[in-house]
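# Observations on the model geometry
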Amino acid sequence: MKLRAKRGELVEVAKGNIPADLYIKGGTVINVYSGEFLKLNVAVYKDSIAYVGESEAMVGEHTKVIHAEGKYVSPGFIEAHSHPWVIYNPISMTSKVLPLGTTTSVNDNLFFYLHMGAKGFKDMVLDLNSLPGNFLWLVRLVSQADYPGERDWYNHQDIQELLATEEVVGLAEVTRWPLLYNGDPFLLDTMDYVKEIGKVSDGHTSGCSYEKLNAIVASGVTACHEAITAKEALDRLRLGMWTTLRNSSLRPDLEEVIKMITEGNVNTSRIVMTTDGPHPGFIEREGFVDGLVRKAVELGVHVMDAIQMVTINAATYLRLEDYIGGIAPGRKADILLLPNLVDFRPERVIASGEVVAENGQLLASVPEVDWSKYVVREAFEFPKSVLENPELYQYPHPDENKPLPVSYFKSNVITARKDTMIPSMNGFADLSGHEGLMYSALIDRLGNWVSKAILERFAVTLDGMASTYNTTTELLTVGRNPQAMAKAAARVHEIGGGIVIVDGDDIILEIPLPLTGMMTTDPSFGKAVEYHDKLLKTLQDRGFPFHDILYTLLFLTCDFLPGLRLVPYGLYEVKKDEILLKAEAFETEVTK
């Protein structure tokens, strides 16, 4: 991380020999280093803090003075584990969360890399440097579901080149943590490389026992946000991990995991907090990092501890504490003026020395980006007509005397195998007599394969839906009516990615997501909220029983959570590591 202000200039401002550009007067500084609340002034020069104290010697004729009497002067908040692709995009997300006080976000590159490759992703990162605030990255080593050609796409040369980039602070979570447990050579070699260059290794150890967690920590992982109980969080802390407490749309876990602090009385210096990629509606209603602080304090965490967890603790974990995370000379001038220590919504946000937001409104400009110039993969590499065949969505069932494995949704993202007797018609499963059963097909956008499943407790009266919003970004279809599924799929093909729902013969919802099939290119965060809320209501009206549709879609096609999963190789039973129904090849029409 580089500063525009030269060290020598900051020295002279601190001595009063050069006037400050900005002077914050009379506020109560939240000193996250000492844990004190101090009545002090803050002088800013260019993008950096030059002085914290009582002197006014650096106030010149042209110095902008902000009177902060009665206000709290806080370091900008840091989100150390962000996913800027939950329908919103990096620009719309920043436009929303920067006015809420999050001046630094550290972002997962999963879908950007999948569709852009190393060069396209790197070009995008450089273009996004003009975003206000600090927009940093973590680089994935593998996708969230194995697929043919994955190890060629994620290769040593490209990954190491990205890791050497200044805006990349380390490795993103390896959701398929058994690869680390089993000593995957590529992953372990890259872990060593990350240690050599002094960057971080984020982690994901959902469902990992304490005994197995030892091996994951030994592999080089330095942090984890997947604890869902106070004991799991404490296990991670005791094994030397940076322990990230989560409160998100899918996993609102903070009330439970925070007991590690409120009841366990542990040292909080290696604890941070995250929102872990919440859906747009959650951010709109609950906030972002400001919401984490607000919730933690409501649950009994001391104000200073809560703020430290999203400032200096996060900065130290990221190895950026010399630049961000606190209010001290030589640090970046990322500063919040908080009217109180109750709701933690900033009255004014300063990023890199510039006032970028006031009273929740963004003042800074954001770049206009042509997202398509980075993408190297075509949306679809076969004609739309292929998707118009209803048989593509039906589940093969030549012997109705044998039960079929059904993927039963126990929760938003956890499924279980449920063997079910289903009649057969013309060699396919006939679901007409089974209310609540849905056909599902995952279709390769290159045109090489289709995987099939039967779902239960996803919906009841859903005729057809197609979505590229899932962890593979291939075309996922769900419905009780193959004709409606075909129409939805064909329409997603036409718009180049997105989500479409069909009732009978009518398209009732259409959400274009042209950026990697996951994100709107609209710079308005409000558009992402509108899309999400309409999607959730439409599916809940048709029997979807859960609260977070985006993560249901996202994780149905992963290969690391319990139950039956629809992955590029077929219908996969995770615990048995077994393909129950292999993916089919497309008809030759695809390649004509």
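Cut-off values and rules
- Residues numbered from 1 in each chain as written.
- Predicted model: local features only at pLDDT ≥ 70, side-chain atom pairs only at ≥ 80, totals over all residues.
- Heavy atoms only, no water.
- Helix = DSSP H or I, 4+ residues; strand = E, 2+ residues; numbered from the N terminus.
- Rg over C-alpha atoms; globule rule 2.2 N^0.38 Å.
- Buried < 20%, exposed > 50% of the residue type's maximum accessible area, 1.4 Å probe, protein only.
- Contact = heavy atoms within 4.5 Å.
- Areas by Shrake-Rupley, 256 points an atom, 1.4 Å probe, with all protein chains shown as cover.
- Lys, Arg positive; Asp, Glu negative; His and termini not counted.
- Charge placed at Lys NZ, Arg CZ, Asp CG, Glu CD.
- Domains from an automatic or database assignment.
- Polar contact = N/O pair within 3.5 Å; in protein donor to acceptor, adjacent residues only side chain to side chain.
- Phe/Tyr/Trp six-rings, centres within 6.5 Å; stacked < 30°, edge-to-face > 60°.
- Lys NZ or Arg CZ within 6 Å of the ring centre and 35° of its normal.
- Core = buried A, V, L, I, M, F, W, Y, C linked by side-chain atoms within 4.5 Å.
- Axes fitted to C-alpha atoms, helices over the stretch in contact; angles between N-to-C directions.
- Parallel < 35°, antiparallel > 145°, perpendicular 65-115°, else oblique.
- Left-handed = near helix turned anticlockwise from the far one by under 90°.
- Nonpolar A, V, L, I, M, F, W, Y, C, P; charged D, E, K, R; others polar.
- UniProt positions renumbered as here; feature names shortened; annotations may be inferred.
- Salt bridge = Lys/Arg side-chain N within 4 Å of Asp/Glu carboxyl O.

## As for the overall build of the chain
Counting its regular elements, the chain contains 18 helices and 33 strands. Rg of the C-alpha trace for the chain: 25 Å, near the compact-globule value of 25 Å for 592 residues, within the 12% margin. Principal-axis analysis of the C-alpha atoms gives the chain an extent of 85 × 50 × 45 Å. Every one of the 592 residues in the chain was classed for burial, and the buried ones make up 61%. Taking contacts inside the chain between residues at least 6 apart in sequence as the whole, the part at least 24 apart equals 68%. If you sum the accessible surface of the chain, you get close to 21900 Å²; carbon and sulfur atoms cover 47% of it. Here the chain carries 56 positive and 79 negative side-chain charges, and the mean point of each set is 2 Å from the other.

## Description of the domain arrangement of the chain
Often the size quoted for an interface is simply the accessible area lost on bringing the parts together. Segmentation of the chain into domains returns domain 1 (1–76 + 327–353), domain 2 (80–325) and domain 3 (377–585). A separation of 52 Å is found between the C-alpha centroids of domain 1 and domain 3.

## A look at helix 2 (residues 90–97)
Since the α-helix advances by 3.6 residues per turn, residues separated by three or four positions end up pointing in the same direction. Judged by how many residues are buried, helix 2 sits mostly within the fold: seven of eight residues are covered. Where helix 2 begins, the capping side chain belongs to Asn89, and its oxygen is found 2.9 Å from the backbone nitrogen of Ile91.

## Some details on the packing of aromatic side chains
One pass over the full model with this rule turns up 16 aromatic pairs. Look at Trp242 and Tyr317: their rings are 5.8 Å apart centre to centre, the planes differ by 45°, and that puts the pair in the tilted class. On the criterion of sequence distance, the pair formed by Trp242 in strand 14 (residues 242–246) and Tyr317 in helix 15 (residues 312–317) is long-range, its members being 75 residues apart. When sorted by exposure, Trp242 lands in the same class as Tyr317, which is buried. Aromatic side chains Phe380 and Phe382 sit 5.8 Å apart centroid to centroid with 75° between the ring planes, which places their arrangement in the edge-to-face category. Side by side, Phe380 and Phe382 carry an identical accessibility label, which is buried. Clustering of aromatic rings is evident, with ring pairs tying together Phe112, Phe121, Phe135 and Trp137. Over the aromatic face of Tyr181 sits the side chain of Lys212, whose NZ or CZ is 5.4 Å from the ring centroid. Directly above the ring of Trp153 sits Arg377, whose terminal nitrogen or CZ lies 4.2 Å from the centroid.

## Here we look at the side chain of Thr103
Looking at where Thr103 falls in the secondary structure, it is placed in strand 9 (residues 102–108). Overall, the relative accessible area of 2% leaves Thr103 in the buried class. In this structure, Thr103 is in contact with Gly76, Phe77, Leu98, Gly133, Asn134, Asp334, Leu336, Val349 and Ile350, ignoring residues within four places of it in sequence.

## Re the nonpolar core
Counting 164 residues, the largest nonpolar core has Trp85, Leu245, Ile443, Phe458 and Tyr469 as its most contacted members. The leading source of residues in this core is helix 3 (residues 110–127), at 10 residues. Every residue in contact with Leu245, bar those within four places of it in the chain, is listed here: Ala233, Leu254, Val257, Ile258, Met260, Ile261, Ile271, Val272, Met273 and Thr274.

## Section: the environment of Leu10
You can see Leu10 is positioned in helix 1 (residues 7–15). Taking C-alpha positions, Leu10 is 58 Å from Lys575, a pair spaced 565 residues apart along the chain. Ignoring anything within four residues of it in the chain, the contact list for Leu10 reads Ala5, Tyr45, Ser48, Ile49, Ala50 and Gly330.

## What about the packing of helix 5 (residues 156–163) against helix 7 (residues 185–196)?
One way to put it is that helix 5 packs onto helix 7 with a least axis distance of 11 Å and a crossing angle of 25°. Here helix 7 runs roughly parallel to helix 5, going by the angle between their axes. Seen from above, helix 5 lies across helix 7 with right-handed handedness. Where helix 5 abuts helix 7, its residues His156, Ile159, Gln160 and Leu163 lie against Phe186, Asp189, Thr190, Tyr193 and Val194. Grouping the constituent residues of the contact of helix 5 with helix 7 by class yields five nonpolar, three polar and one charged.

## With respect to the UniProt feature "domain: Adenine deaminase C-terminal" (unreviewed entry) in the chain
Mapped onto this numbering, the UniProt entry annotates "domain: Adenine deaminase C-terminal" (unreviewed entry) at residues 413–577. The distance from the first to the last C-alpha atom of residues 413–577 is 18 Å, and the span holds 23% helix and 33% strand.

## Looking at the pattern of salt bridges
In total, this model carries 35 salt bridges according to the counting rule given. Between Glu226 and Arg246 there is a salt bridge; the shortest N-O distance is 3.0 Å. Of the two residues, Glu226 is situated in the loop between strand 13 (223–224) and helix 9 (230–238) and Arg246 in strand 14; the sequence distance between them amounts to 20 residues. The same class applies to Glu226 and to Arg246, which are both buried. Taken together, the salt bridges that share partners define one network made up of Glu226, Arg246, Arg251, Asp253 and Asp276.

## Focus on the UniProt feature "domain: Amidohydrolase-related" (unreviewed entry) in the chain
The UniProt record marks residues 72–356 with the feature "domain: Amidohydrolase-related" (unreviewed entry), using the residue numbering of this structure. Secondary structure over residues 72–356 splits into 39% helix and 18% strand, and the C-alpha atoms at its two ends are 18 Å apart.

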